[in-house]
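Listed here are the chains, written in short residue letters.
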Amino acid sequence: MISTLRLMTLSTLLYLSGGLTAIAGELVIIAHPSIQHPLDADFVSQLYLGKQRSYQNGIDFIPLQLPEDDPLRRQFTEQVLNKSPSQLRAYWAKRIFTGKGKPPSSAVNRNQAIKLVLEDRQFLSYADIDTIDAKQFRVIRLK
Amino acid sequence: MREQNFRHWLALFPCLLILSSISSVKADIDWDLHGFGTLSGAYMDDDAMNQTGSTEINEFERGVQYDVDSKLALQGSLHFNPQFSFTAQAVAPAIDDFEPEIEWGYLSWWVSDALIIRTGRLRRPNYLYSDNLRVGYTYPWVRPPSEVYSRDSQFFASVDAINALYNWTVDDWHFEFETYFGKSSRRADFIAGQSVKTSTRNDFGIFLSMEYDWLNLRFGYQQLPDSTIDTISSVQPLYDGLNVAGFGDIVDDLEVENKQIEYFNFASGIDYDDWLMLFEYIYIPVENSIAPDETSWYLTTGRRFGKWTLHYTYAERKRNNRTDFSAPVREQAALIAPVNPAAAGGLNFLADSIDTTRDLLAIDNESHYIGLRYDFDNPVAIKAELQQINDKRNGYDSELFSVALDFFF
């Protein structure tokens, strides 16, 4: 009885901590397949926060956001940028109105983001691994 | 004169022609438009503190007011190419009848990923929130603690400068170094509806921010070696009296004219899980003058509960001037008292006036703030805040309740 209860609590906790991840599949960073650089979550985070744009010898990356209402965007903001959506908005409000930068532009939808990343090696975005053909991209896993 | 004006207009023509041809060839000049604003209401239960003139919330009067924090602002940028852009920001505060002031107007040169050089009119980054002080959406309070962000600390709010901003990353630390050199000239609000003209030149500042995941540190130093704050009309008779009595050197001492003002700032922010903590300390020594040195700080702790943020702040503000300006006047009075008691009485009156004026500018305040912020799913937040202010020098206290709606686009 006790162990069943414990198991239930555990699964509830797992479900809660998994949150969107459990529902939406795995969030990954996607880049053009020709990108060789050792991209990692820290670099991607700096890129999306406008703190870095490229490696010394590399190309200038253009990070692409998904639309505001896409649940993946929220997951990306929380998991990779380590901010809540409103914290990220406040961050950009400060940068915009003090002339220190502007937020990454948004793709119209997931398909456009995918298309742009495949067409042009400057673009970088994120996706649900279950909804893309992983072989076509340079995929960076976050865990 | 008329003809000269006409010639100026004539000279504009070729410029306009060149400009229009450039823009028609390169019609793809990128531009963007942003804006922000605040709608607020505040209620103060006692305006006794206003009467002393020693409070930093002197815009507030007893009762409800809608215009103190309310404002609208627009910002437009023209991006000539990826390296060069021009940005202008106009802020129209309700308290100035929505008359817009250009607070930012500058040319940016994005030299590289790491370096931005800007020149033009910029807000001075005195403290952590100084350059975005108008943008309510960017901080948890209705307005940053007035002990540090008081109206008169905004005397030198903007600067015409050349400014460089350099970013770099070492391991998990992100660094931002900012420096400027410039001058300023503006009319600023002072106590009891009086405004004063302020000017500075050869100002410079250096600022270093360090950021590590949940921790943020900021160090700032500014030197305004040649600052002038015009004497307010109510003090002028005192200076006139001293000049007539032959104490012109004391007037030179008292006046904030070509004096050095320094700003030291340390700020630290922690944002760990849903907990936040902010600490900021400022120290502003002013070269020998009627203007007191200032030491102020605040500590904010808060916690986010989903879209709600609950926070508490304790803040202190101290301005003090211990210089004994009146001693020579009193000595002179003592000397002539046996021969001319009437003149001695006059001198003593002057000496008392010096002391009174000096002490009027001293401040010893503390505040407790408790506030709540709610974030909507779009760039809109509403805030409510209660500030309990204690004027320890004059023995007054007062409550200020404020609500605000902040947005940007």
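Bear in mind the structure is a predicted one, so any value in this text is a computation, not a measurement.

Enquirer: Describe in detail the overall build of chain B, supporting the description with residues and values.
Expert: A tally of regular secondary structure across chain B gives six helices and 17 strands. Burial analysis of chain B (409 residues in total) assigns 49% to the buried set. Excluding contacts between residues fewer than 6 apart, the proportion of contacts in chain B whose partners are at least 24 apart in sequence is 59%. For chain B, the accessible surface area stands at approximately 19,600 Å², while carbon and sulfur atoms represent 61% of it.

Enquirer: I'd love a proper account of the side chain of N265(B), names of residues and values included.
Expert: All names here are of chain B. With respect to the helices and strands, the residue N265 is situated in strand β11 (residues 256-272). Of the residues examined, N265 reaches a relative accessible area of 6% and is grouped as buried. From its side chain, N265 meets the backbone oxygen of Y281 in a polar contact 3.3 Å long. When sequence neighbours within four positions are dropped, the list of residues in contact with N265 reads N126, Y127, L128, R218, F219, G220, E280, Y281 and I282.

Enquirer: Please provide a residue-by-residue account of the interface of chain B and chain A, values included.
Expert: Residue-level contacts link 38 residues of chain B with 22 residues of chain A. A combined buried area of about 2,400 Å² lies between chain B and chain A, and 48% of that area is made up of carbon and sulfur atoms. It is D113(B), H174(B) and F408(B) that lose the most area in chain B upon contact with chain A, and together they represent 20% of the buried surface on that side. Taken together, the links from chain B to chain A amount to 13 residue pairs in polar contact (both at pLDDT 80 or more). Contributions of two or more residues to the side of chain B that touches chain A are made by β1 (30-44), β3 (71-79), β5 (101-110), β6 (115-123), β7 (158-170) and β8 (173-189) of chain B. Of the residues forming the side of chain B that touches chain A, the biggest block, five residues, is contributed by β1(B). Taken together, the residues of the side of chain B that touches chain A sort by class into 13 nonpolar, eleven polar and 14 charged.

Enquirer: So what's going on with the confidence of the model for chain A? Residues and values would help.
Expert: Residue and element names in this part refer to chain A. Across chain A, the average pLDDT comes to 82, with 79% of residues at or above 70. Within chain A, the lowest mean pLDDT, 45, falls on helix α1 (residues 2-24), and the highest, 95, falls on helix α4 (residues 85-97). In the model, residues 1-22 has pLDDT below 50 throughout and makes seven contacts with residues more than four positions away in sequence or in other chains.

Enquirer: Which residues make up the nonpolar core, and what are the values?
Expert: Core analysis: the biggest nonpolar cluster contains 49 residues, and Y129(B), Y149(B), L242(B), L254(B), Y298(B), V329(B) and I354(B) have the highest contact counts within it. Broken down by element, the residue count for this core peaks at five residues, all from helix α6 (residues 341-360) of chain B. Setting aside its immediate chain neighbours within four residues, Y129(B) contacts T138(B), Y139(B), W141(B), P144(B), Y149(B), L278(B), E280(B) and Y298(B). Counting 35 residues, the second-largest nonpolar core is a separate cluster that includes I29(A), L39(A), Y48(A) and L72(A).

Enquirer: Let's hear about the environment of G302(B): which residues, and what values?
Expert: Residues and elements named next belong to chain B. Relative to the assigned elements, G302 resides in strand β13 (residues 293-305). In the structure, G302 is positioned eleven residues away from T313 in sequence and 8.6 Å away in space, judged by C-alpha atoms. What G302 contacts, discounting residues up to four positions off in sequence, is D274, W275, L276, L310 and H311.

Enquirer: Tell me what's going on with the packing of aromatic side chains, and back it up with residues and numbers.
Expert: Residue and element names in this part refer to chain B. All told, the structure shown has 34 aromatic pairs over all chains when counted by the stated rule. Relative to F376, the ring of Y374 has its centre 5.0 Å away and its plane inclined at 85 degrees; by these criteria the two rings are edge-to-face. Among the aromatic side chains, those forming a connected cluster through ring pairs are Y127, Y129, Y139, W141, Y149, Y263 and Y298. Over the ring of Y106 we find R118; its NZ or CZ atom is 5.5 Å from the centre of that ring.

Enquirer: Lay out the environment of P144(B) with the relevant residues and their values.
Expert: Residues and elements named next belong to chain B. Along the chain, the position of P144 falls in the loop between β6 and β7. Given a relative accessible area of 3%, P144 falls into the buried group. Separated by eleven residues in the primary sequence, P144 and L133 have C-alpha atoms spaced 7.6 Å apart. In this structure P144 touches Y129, L133, Y139 and Y149, once residues within four positions along its chain are discounted.

Enquirer: Account for helix α3 (residues 236-244) of chain B, naming residues and giving values.
Expert: Residue and element names in this part refer to chain B. Inspection of α3 places L238, Y239 and L242 among the buried residues, and these make up the whole buried set. Down the axis, α3 shows its buried residues gathered within 95 degrees of arc, on one side only. Those residues of α3 that are exposed and aimed more than 90 degrees away from the buried face are P237 and V244. Taken together, the buried residues of α3 touch α4 (248-254), α5 (327-336) and α6. Just past α3, the residue G246 takes up positive phi, approximately 85 degrees.

The rules behind the values
- Residues numbered from 1 in each chain as written.
- Chains lettered and ligands numbered in written order.
- Predicted model: local features only at pLDDT ≥ 70, side-chain atom pairs only at ≥ 80, totals over all residues.
- Heavy atoms only, no water.
- Helix = DSSP H or I, 4+ residues; strand = E, 2+ residues; numbered from the N terminus.
- Buried < 20%, exposed > 50% of the residue type's maximum accessible area, 1.4 Å probe, protein only.
- Contact = heavy atoms within 4.5 Å.
- Areas by Shrake-Rupley, 256 points an atom, 1.4 Å probe, with all protein chains shown as cover.
- Polar contact = N/O pair within 3.5 Å; in protein donor to acceptor, adjacent residues only side chain to side chain.
- Buried area = accessible area lost by both parts, 1.4 Å probe.
- Nonpolar A, V, L, I, M, F, W, Y, C, P; charged D, E, K, R; others polar.
- pLDDT = per-residue confidence, 0-100.
- Core = buried A, V, L, I, M, F, W, Y, C linked by side-chain atoms within 4.5 Å.
- Phe/Tyr/Trp six-rings, centres within 6.5 Å; stacked < 30°, edge-to-face > 60°.
- Lys NZ or Arg CZ within 6 Å of the ring centre and 35° of its normal.
- Arc of directions from axis to C-beta.

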